[in-house]
Structure formats: structure tokens, C-alpha cells
Amino acid sequence: MKNLEFRTASSVRGGLLVMANVPGIAAGTRVSLTDHAGRRRNGLVIRTSDAAVLVEVFEGTDDLDLERTWVRFLGEPFSLPVSRDILGRVFNGVGLPRDGRPPIVSGQRRDINGAALNPAARAYPREFIQTGLSAVDGMNSLTRGQKLPIFSGGGLPHNRVAAQIVRQARLLGESGSEFVVVFAAFGVSSQDARFFQESFEESGALERLVMFLNLADEPVIERLLTPRAALTAAEYLAFELDHHVLVVMTDMTAYAEALREVAVLRGDVPARKGYPGYLYSDLAELYERAGRIKNRPGSITLIPVLSMPSDDITHPIPDLTGYITEGQIVLSRELHAQGVYPPISVLPSLSRLMKDGIGGDFTREDHPRVASQLFASYAKALEVRGLAAIIGAEDLSEGDRRYLQFAEAFERRFVGQGEEEERDVYATLDLAWDLLSMLPLEVLTRVSEAELAKYHRQNRS
Amino acid sequence: MGKILEINGPLVRMELPGVTLGEQVRVGALGLVGEVIARDGDTALAQLYEDSTGLAPGEQVEGLGHPLSVELGPGLLGGIFDGVQRPLEEIWRITGDRIARGVHVPALSRDRKWTFTPIQEHQSGRLLNAGDVLGTVQETASIEHRILVPPDVSGVLLELAPAGEYDVDATIARVRLHDGEIRKLSLSHRWPVRIPRPFKQRDHAVQPLITGQRILDTFYPLLKGGKAAIPGPFGAGKTMLQHQIARWCNAEIVIYVGCGERGNELTDVLESLPKLTDPHTGRPLMERTLLVANTSNMPVVAREASVYVGLTIAEYFRDQGYDVVMVADSTSRWAEALREVAGRLGQMPVEEGYPAYLGSRLAAFYERAGRVETLAGTSGSVTLIGAVSPPGGDFSEPVTSHTKEIIQTFWALSKELADARHYPAVDWLESFSGYVGQAARWWADNVDPGWADARARALELLSESEELRRIVNLVGVDALSSEQRWSLEAAELIKEALLQQSATDEVDSYASPEKQYLLLAGLLGIYGQGMKLVQLGVPAQRLLELPVMHEARRWKTRYGAADMAGLRERTAGLTGDFARLELEYSPLTSRDQERGI
């Protein structure tokens, strides 16, 4: 079957090709097409019976000629050849080299869909990753094996933030624990792709980097494969070669839009905003590939980047993502406009795994309660700021005015930092106490009395 | 035997004459399992519990002759099963880190022997009814597994095995049915998941389920045998709250169904429960817990089945006379699985793509909760707690709105509260409970007669403060009278010192009913004392400066379970905290005037 070519295409419409009279074709089989001009295209069997086989063509079906299209069924699902040599390489959306170097030769090919990790085999992620960003480390910390997306919007510096995290991420007190980075970009501009490439180059990390690129002007359906290929490479690096892998995927919105495009072609019933009902499961198939496995030293930490359409966090893409990932880092247009970098809005941000990765055993004993106190005090400060906008700052009580100053200092000094500035977690916590000391002792009820005695500046001086 | 005609995602059309609707089928060379969802002449449509990649038209299919059913017997507790009750630990040992397809492993281990103790009164010739207890197996130190006559069996006992060691397949009894057939019974039996297990009659639920979470127990109680929903947008703390309930509630058996949720959350439960002890029995919590996991990356069709698998196991323990709590996280994923299958079947969508039968399926699901008189005549209950994940946090979406009509207790989670790190982020205005009356009787009998009144006063204060907060946000705090200002501050105190509860703080994580009431009464005491002073003319600001205002916020973490006497004493002696201010502002008494002061 693998070597037979069929020329029985019976109909074609927007990305989908129907083949007649090819019995016994298995579901999910990879397909290779040759069009009248001799160009190769890739496809996948998505529905099959003896009478008709429906093929999704990744490069699209533009100018296909029914009578002059030759189709081969390869008898296996989409797979990626993997070996040590993938490090340092750049691939396209379906895993073919785009750096002008020869293709990967390996006896080992992996189905890019992966297989679901047995929940009983998972190990719970606990190791604190220091990103050097106070708003992340102090209040929404990242853990090795976590999936923590960046929710952003057009024009916000999510690429710079992601690149900074990749450059600075390291484990506390462990040397030689450098991350291998798998970078997947789909539907992004070549400029954005170049930015990342250069940023990694600067940090001299190219030999620890694998890139999968599908740019904005490249086939849309290919985007459905790009993250899968990247995660397949990541799984190989993490669980076969024992690396700690940091996967950055951007932009998930482009991925979801590609999925919607294909779903409409297939005639799937739309759920919300035209996205298919299975968007949740589909995204989960990607995100859930992050994690740790018992008895295996490697890990996959996943940082998907997505731009929220019209900054709407309730849009299906960020919404469903938030239900799957272990928290989210939300960027704020308001902070960005005020010149705060990184413009991380801490209140809607969250790290679900933080509670188990900080504290005396990992960072410092006061960390959990300091984080909680910062959240509470900043939330209160924003409330005061809202009030001040109505009645004017001069009518505020003395206590409330201190909250206003706290909010200002928190945003400028704690959240805000340089793009090259790497604060270790102790500096972050000390800074947190500097700020909390602007507030009276009595209102700091989330930290313990012992911690107040030890760290509050009023007590120390 | 039949053959595959067409494959479309998880749906397989096949030629298989004589198969019944709902029957299990084994499909293709891989041996993937699925269930028949439609019949049309000799062709049948089945949905597979596993990914269909690699199946081809023409491959063989066979009907297995029974609907999706679960294996019930010793060995369930402490385990983790997938959506069709395959034991995941065992599968891990067999196929490695990733779940291979077409693996068939029985739910209960065949290698393990259990010590069976027969009921002495059962002599040969005795008439056995469905649901009768044949004997017991001590499954874990805290749970005695009662071996039941299956609900579809009754007849004359011919022979009951003596005490001894048996595996789950060994015959322990022979029964002559009414039609003369002789049936062998073992420690385990099977039951189809989509058919509720029978019971004698429904009982009224009378006892509150104590979760140790103040906002739940004190304000929006749930009864054993009741049904509750926890809706909330992502990040509002749904999972955390459910974990807290699974950890601390005073049920005897807890079944946690992870339906379309994160893999790491189940890992968290698996790793943390064995280390935690049950505050009610002092035993490791894992001994009473069972997990059913269909994580979000596992096949969608099995997701639909997973809640029924969990529910049937819950009913099985109920039939043994236990109080069972089943937590389903999340019913929205289950509903989405329904939607996905309906979409593939080409059924007409009604709201947001959901099929028209969404509401009735949800209602039938929750109806399987309840406190019942079992066939054996004892009392048992299934309490059902379903998480709901409304898209965009919009409670008017179909799953939330249908659920809201069905359940009695509604614990609404709020994004605003969660963003301000007010946990648990249960919104005290949106939530409701239809069980307050019954719960009040229990609290009055077991904790304090003042409970209902205190609860009502606290809620009134909270809702009044919401009104006041709106005024403040419009015109500033100066527009309030002193009394109003004090009410506002007292409400803040209740929110911080009572409603907020830290899951990670050792002392605060679980609050006994007594502690809950003492805190509530103490805080209301502060409010009352303060109000008296405000009416004497004390400015609210002076009251806020009293040390007790800050100290009270630490009561919840300062007084652990062992120190209830201390908390009782502290909250009883509040007058002292206000004495100096009272003296300062008290009107002159007549004796003072006589003395010419």
C-alpha cells in the first residue's frame, strides 16, 4: 500500500480532499500528495471508509487538479525523526529542516501525537525555578514541570518577557542544571521569530536550542502540527536524554484559529465564537504533555504565549487555556502604557503550583505568607486608588495615603525591573519587605508575628 | 463477529447484526473497546473509549454481550482508575509511563486474597434477599467492606463459605434463585454504570456534611445525601476547594472523579492524601479514598463514562451502609464530552452547541445522590458535589444554569475574590443552600442553639456592607454615619477573620464545628460591643485602633483543635477589650452627679 499511488480524487474543497475507491485505509494515516506541477504536499486521513477517504492537506488544496493529483498512503501516523542531532537545528512546522542543513537521519521516529501520560506515572512538580523576575518569583512562581502561559495582547512585550524568562531561568543552588529550550512559533511574523533567535544567540545558547517555525505567511493547517512536532522533540529530550526542557510556544491564538478554520471545513458543530467544541480537549492534548515522570530525571516546563483577542480574558482561547494550565501570567496594557516593564498584572496572574514549590525547603520560610500579604495589600491599595479617583487623594485618611504610596512603589520597584536585570529570589523577598514596611504593622495580618519581628523594617531598625 | 465500515474520529460505523444498544464492542486488530450508541438495520454505530488512529475499514469487530459495567468488590479503595475503571497503577506497571491502547486489565487484582468473615446467622436454607450482607472483609484499617448479595439476585442460600482467604473470583456462596437456577456468588460482582443501583426507599437527609470549611459549613451547609455545585471561572480555586472537601469532610468514603481536568491535580491528591490523616478517625485519608481519572488529554468518550463509573462505585458503598461523598471535577467537561459526541452524530444543537437532552441528563445524574434505606435495611448516602467550569465565568451558560435548577447547595466562586486572594473565593451573596433549616437543628443539638441566629446576623451584616460599600465608592467614606462606618468595618473583620481560610496553614485548614461557631460568635460579639459604644458617641476610628481588632484576625490560626477552651475563654471575655473606651464615653450616672462630678 505504501508504494501505491492513487489518482482517484473525487472532490476537493478548501483544504480537504476526498479519495474514492481506496479500500482499507487506516484512520490517522499520513498521506503524501504530488500535484500536477510535481510539488509534494502532506496530508492526514481524518475519515475513512471503503467508499471514500477524507484527507486533510496541510499545505492547502489551492490549484489542485483532481485528475492530476497522485496520492500515496504511507500507512503510519505523522512522525518526527529524533536523535541527539536535533539540538541546534531549525525545522519547519512539520519537522523538516529549514536551516539548509541535511535532514535528521535516525532509526527512531516518534508519532507526533504522543500518547497520554498515565496520571499514576506523573510526579508532582515541586522544584522552584528562579526566573529573576520579582512579579513571577515572588508572587506567581514557576516550577519545573509546570505549564504556565503568558496571556498578552497585541503590542505588549510578551516576546521580551518570554525571552527574558528563557535567558534567566535556573534552579536555585544547582549548577549545571541548564535548560534545553524548544521553541515553537506558529503564525508569528518573521520579525518575531528573528527576535527570539537573536535573543537566544546572545545568551550563547544555540547549541541547547531546537526551533520549529511556521511563519504567518506559511500554510495554516501546518500550524496544527507545529506544536505537536515541538512537544515530541521536547519529550524525547526530556524523558530519553534526561534534559530539563523549557518549551516556549507562540502564539496559541494562531493555533486555535487554524483549528477553527479546519473545523469549519470539516463541518463540525461550532460551540463558542465558531470554535469547535473539542478546542478544550485539543489544547489539553498539547498542554498536558508538560510535566515530570516518576523515576525519570528530565522534565518539560511549558510556557505558551497567547494574545488575547481584544484583551478579553474570557475569550475561548485564554479561557480554555486557563482551565488547563497551572496558572497564568497576565500582562497589562495599563502598566505597559505607564512604562512599567515587565507589565505583569499580578492580581489576575496565578501559579497553582506555587504553594508546593516555595517556603523553607525551597526558597525562604516567609515566602508563602509574604506573597499572600503582597497580594492582599496590593488589592487593598488598588481599592484605595479607585476611591481616590472619585473623592480625590487629599480627602483620603492618612492610612489610605500610605496604601497609595505602596501601590506606586509596588508597581515601579517590585513589578518593574530592567530587561537585563536578574533578581534572585532573596533580593525579591527583601524588596517585598521594604515595600510592606511602608504599611503599619497592624495591617500585616497575613504574615506571622515572628516574621514581622524578623523582617519588618520598623522592627529591624 | 462483524466488520468496520467507517471510522470518523472516535465514532466507528460497523456491520454487526444483533448487537444491542449500549453493548460493549471490541474493535479491530488493536482490540479497542467502545460502546454502541445507535443501530440501523445490520449496521451499528459505536463510540470508542480510545483513540482510533490505525484502525482500518474491514477489520473485525465483536460484541461483548454486556453494557459498560464496573467491578465491585474489595480492592477498590486507595486505587486510581481510568474513565472505564481500568486500574492505572497496574497499567503503569504493564505498559510504562504512557497509556498504551487496547490494554485490558481487570479493575480488581486477581493476585490478592482477602480475609472473608461470613455472617454467622446465614445457615443453609435461609432466604437471601438482594442487597443482604453475606459477610465482611476488612479492606483497610478504617473500612470494613461488606460483601453484598448483588441487587439482581435473591433466593435460597445453599452454601456459604467458611471464614478464610479468598480472591475476588472464588465462590463464597451458592444461591438457588426462584427459577431454580443455581448462582455462584463471589466477593465481587458487576453492575452496569448507567443504571442506578436499587434501594428500598429514599430517606430524608438530616445530618450536615462537615467539611471544616467555615464559609461552607456555617453559611451554606450541605447535607449528607445532598447535591451541590461549585461553579467558578478558572483560577477561582475550584480544585483547591474540592481537594479541601475531599480531605476533611466527615464522610466515610470519598470518591474523587477527575473528569477532563489536569493530570498534576490527581498526582497531587495521590501524593498528599497518604500523608494526611482523617481528623475524624485518625487514619491515613487514602484508606477511604478512591480516584477515577480521565484527565483532559485522555480520550473524550471515556470522559463521559467516568462520572457514571464513579457514581456506581459510590452507590455500591452506600448500599453497604456508608456515607459516601463523590466529587466530580468537572461536570462541564462531561457535558462537553456529550456535546462532542452529539455533534459527531449530527444531532441538532440547541444552546452553545449542546444537545437538547443536556438538562435531563444532568438532572438524572444528580438524582442519583441521596440518603436511602438500603436493600439490607440500613441507611447510607451518596452526596454529590459537582464542579462547573463556565466559559468566561458566565453563570448564565447552559451547564451552570441547568445545574443551578437541580442542586440544593450552590457554592459560587468569584473571580474578584480570588484575584484579591480571598480564599476560599465563595461569594457570600451569590451562593445559596436549601438545607439551612435541617442543618440548624443539627447545630442547635450538637454545637450551640444560637447558631441559626448568629448565621443570619452575620449574613445580614455582610449584605448590608455591600450596600454601604457601593455608597463609599460613589461618594466616599465621609458620607456614612458612625454606625454605618462601624458596620462596614465589622463586615471586613468577618471576611478576614472568618470567611477567609487558608488551605495551606496547618491550623486553619480544618475548623471543627465548635471552632467555627466560637469564631462566628466572638466576631459578632465584637460587632455588638462596638455598636453599643458607637451609639454612645465613640467614633468608629477609635474602635478600629483597639488591639482586639487586629488580634481577632489571628484567632483562626492561633487556636488549634486542642485549644478550643482557650478560644472559648477569649471570645467570652470581650467586654474587657472595650472597657476603657466605654468608661471614657459613658454618660454620667446619677451617683456621679450627686457627688458633683
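Bear in mind the structure is a predicted one, so any value in this text is a computation, not a measurement.

**Here we look at the overall build of chain B**
Thinking step 1. Looking only at helices and strands, chain B features 19 helices and 28 strands.
Thinking step 2. For chain B, the spread of C-alpha atoms along the three principal axes comes to 110 × 55 × 40 Å.
Thinking step 3. For chain B, the residues scored as buried account for 59% of the 597 residues in total.
Thinking step 4. Considering only intrachain contacts with a sequence separation of at least 6, the fraction spanning at least 24 residues in chain B is 70%.

**Considering the overall build of chain A**
Thinking step 1. When you go through chain A residue by residue, the secondary structure sums to 14 helices and 23 strands.
Thinking step 2. Here chain A has a C-alpha radius of gyration of 25 Å; the compact-globule value for 461 residues is 23 Å, and the two agree.
Thinking step 3. Chain A carries 51 positive and 61 negative side-chain charges, and their two centres are separated by 3 Å.

**What to know about the interface of chain A and chain B**
Thinking step 1. At the interface, 76 residues of chain A touch 71 residues of chain B.
Thinking step 2. Here chain A and chain B share an interface that buries about 6000 Å² over both sides, 52% of which is from carbon and sulfur atoms.
Thinking step 3. When residues of chain A are sorted by the area they lose upon contact with chain B, A:Pro119, A:Tyr280 and A:Tyr323 head the list and together hold 12% of the total.
Thinking step 4. Run the count over chain A and chain B and you get eight salt bridges.
Thinking step 5. Across the pair A:Glu383 and B:Arg469 runs a salt bridge, and its minimum N-O distance is 3.4 Å.
Thinking step 6. Taken together, the links from chain A to chain B amount to 32 residue pairs in polar contact (both at pLDDT 80 or more).
Thinking step 7. For the side of chain A that touches chain B, the element with the most residues is helix α10 (residues 367–391) of chain A, which contributes seven residues.
Thinking step 8. Of the residues belonging to the side of chain A that touches chain B, the class tally is 40 nonpolar, 17 polar and 19 charged.

**A look at the packing of aromatic side chains**
Thinking step 1. Within this structure, the stated rule accounts for 25 aromatic pairs over all chains.
Thinking step 2. Summarising the aromatic geometry, the rings of A:Phe183 and A:Phe200 are spaced 5.8 Å apart at their centres and angled 70° between planes, so their arrangement reads as edge-to-face. A residue pair is termed long-range when its members are at least 10 positions apart, and A:Phe183 in strand β15 (residues 179–188) and A:Phe200 in helix α3 (residues 190–202) qualify at 17 residues.
Thinking step 3. Measuring from centroid to centroid gives 6.5 Å for B:Tyr308 and B:Phe365, while their planes differ by 85°, and the two rings are edge-to-face. Of this pair, B:Tyr308 sits in helix α5 (residues 300–319) while B:Phe365 is found in helix α7 (residues 358–366), placing the two residues 57 residues apart along the sequence. By the burial criterion, B:Tyr308 is buried, and B:Phe365 matches it.
Thinking step 4. Ring pairing ties together the aromatic residues A:Phe183, A:Phe195, A:Phe196 and A:Phe200, which thus form one cluster.
Thinking step 5. The aromatic ring of A:Tyr403 is capped on one face by A:Lys380, whose charged end is 5.7 Å from the ring centroid.

**Notes on the side chain of A:Gln164**
Residues and elements named next belong to chain A.
Thinking step 1. One can find Gln164 in helix α2 (residues 158–168).
Thinking step 2. For Gln164, a relative accessible area of 0% puts it in the buried group.
Thinking step 3. Gln164 has contacts with Leu133, Tyr341, Gln417, Gly418, Glu419, Glu420 and Glu421, leaving out every residue within four places of it along the chain.

**Regarding the nonpolar core**
Thinking step 1. Within the largest apolar cluster, 89 residues are counted, with the highest numbers of intra-cluster contacts made by B:Ile385, B:Trp411, B:Ile526 and B:Trp555.
Thinking step 2. With eleven residues, helix α13 (residues 513–536) of chain B is the largest single contributor of residues to this core.
Thinking step 3. The two domains that each donate at least three residues to this core are domain 3 (201–439) and domain 4 (451–585) of chain B.
Thinking step 4. In this structure, A:Leu156, A:Phe179, A:Ile358 and A:Leu436 belong to the second largest nonpolar core, which totals 78 residues.

**Concerning a nonpolar patch on the surface**
Thinking step 1. On the surface, B:Ile471, B:Leu474 and B:Val475 cluster together into a nonpolar patch covering about 280 Å² of accessible area.
Thinking step 2. Following the sequence through the fold, B:Leu474 ends up in helix α11 (residues 451–475).

**Quick look at the sheet that holds strand β14 (residues 170–171) of chain A**
Thinking step 1. A sheet is described by the order of its strands in space; here three strands give the open sequence β12-β11-β14 (chain A), paired in antiparallel fashion. Of all the strands in the sheet, the pair left with one neighbour each is β12 (142–143) and β14 of chain A.

**Observations regarding the domain arrangement of chain A**
Residues and elements named next belong to chain A.
Thinking step 1. You can read the domains of chain A as domain 1 (9–77), domain 2 (80–357) and domain 3 (367–460).
Thinking step 2. Taken over C-alpha atoms, the centre of domain 2 sits 32 Å from the centre of domain 3.
Thinking step 3. Every contact between the two is made by 26 residues of domain 2 and, on the other side, 25 residues of domain 3.
Thinking step 4. Buried area between domain 2 and domain 3, summed over both chains or domains, comes out near 2100 Å², and the portion from carbon and sulfur atoms is 57%.
Thinking step 5. Considering only the surface of domain 2 that becomes buried against domain 3, Ser134, Met139 and Leu347 emerge as the three largest contributors, covering 27% of it.

**Here we look at the pattern of salt bridges**
All names here are of chain A.
Thinking step 1. Scanning the model with the defined rule gives 80 salt bridges over all chains in all.
Thinking step 2. Here Arg292 and Glu127 are joined by a salt bridge, their closest N and O atoms 2.4 Å apart. Placement of the pair is Arg292 in strand β20 (residues 291–293) and Glu127 in the loop between β10 (122–123) and β11 (128–130), with a sequence separation of 165 residues.
Thinking step 3. Two residues, Glu420 and Arg167, come together in a salt bridge whose shortest N-O distance is 3.8 Å.

**Some thoughts on the pairing of strand β4 (residues 32–40) of chain B**
All names here are of chain B.
Thinking step 1. As paired elements, strand β3 (residues 23–27) and β4 share four bridges and run antiparallel to each other. Paired with Val27 across the bridge in β4 is Leu32.
Thinking step 2. Two successive antiparallel strands, β3 and β4, enclose a turn made up of four residues, where Gly28 displays a positive phi of approximately 75°.
Thinking step 3. Both β4 and strand β5 (residues 43–48) contribute to a ladder of six bridges, which runs antiparallel. When the sheet's bridge partners are listed, Asp40 is paired in β5 with Thr43.

**Overview of the sheet that holds strand β11 (residues 133–138) of chain B**
All names here are of chain B.
Thinking step 1. Ordered by their spatial adjacency, four strands build an open sheet running β12-β11-β9-β14, and the pairing between neighbours is antiparallel. Here the strands that pair on one side only, and so sit at the sheet edges, are β12 (144–148) and β14 (164–166). Pairs of neighbouring strands in the sheet enclose a mean axial angle of 40°, with direction left out of account.
Thinking step 2. Pairing analysis gives five bridges linking β11 to β12, with the strands arranged antiparallel. Bridging from a neighbouring strand, Val133 pairs with Leu148 of β12.

**Section: helix α5 (residues 252–266) of chain A**
All names here are of chain A.
Thinking step 1. In this model, α5 (15 residues) spans 21 Å end to end at C-alpha, consistent with the 21 Å of a helix rising 1.5 Å per residue.
Thinking step 2. Among all positions in α5, only Met252, Thr253, Ala254, Tyr255, Ala256, Ala258, Leu259, Val262 and Ala263 are buried.
Thinking step 3. For α5, the capping residue at the N-terminal end is Asp251, with a side-chain oxygen 2.8 Å from the backbone nitrogen of Thr253.
Thinking step 4. Immediately beyond the C-terminal end of α5, within one or two residues, lies Gly267, with a positive phi of roughly 80°.

What counts and what doesn't
- Residues numbered from 1 in each chain as written.
- Chains lettered and ligands numbered in written order.
- Predicted model: local features only at pLDDT ≥ 70, side-chain atom pairs only at ≥ 80, totals over all residues.
- Heavy atoms only, no water.
- Helix = DSSP H or I, 4+ residues; strand = E, 2+ residues; numbered from the N terminus.
- Buried < 20%, exposed > 50% of the residue type's maximum accessible area, 1.4 Å probe, protein only.
- Contact = heavy atoms within 4.5 Å.
- Rg over C-alpha atoms; globule rule 2.2 N^0.38 Å.
- Lys, Arg positive; Asp, Glu negative; His and termini not counted.
- Charge placed at Lys NZ, Arg CZ, Asp CG, Glu CD.
- Buried area = accessible area lost by both parts, 1.4 Å probe.
- Salt bridge = Lys/Arg side-chain N within 4 Å of Asp/Glu carboxyl O.
- Polar contact = N/O pair within 3.5 Å; in protein donor to acceptor, adjacent residues only side chain to side chain.
- Nonpolar A, V, L, I, M, F, W, Y, C, P; charged D, E, K, R; others polar.
- Phe/Tyr/Trp six-rings, centres within 6.5 Å; stacked < 30°, edge-to-face > 60°.
- Lys NZ or Arg CZ within 6 Å of the ring centre and 35° of its normal.
- Core = buried A, V, L, I, M, F, W, Y, C linked by side-chain atoms within 4.5 Å.
- Domains from an automatic or database assignment.
- Patch = residues over 30% accessible without salt bridge, like charges linked within 9 Å, V, L, I, M, F, W, Y side chains within 5 Å.
- Areas by Shrake-Rupley, 256 points an atom, 1.4 Å probe, with all protein chains shown as cover.
- Pairing = 2+ DSSP bridges.
- Axes fitted to C-alpha atoms, helices over the stretch in contact; angles between N-to-C directions.
- Expected span 1.5 Å × (residues − 1).

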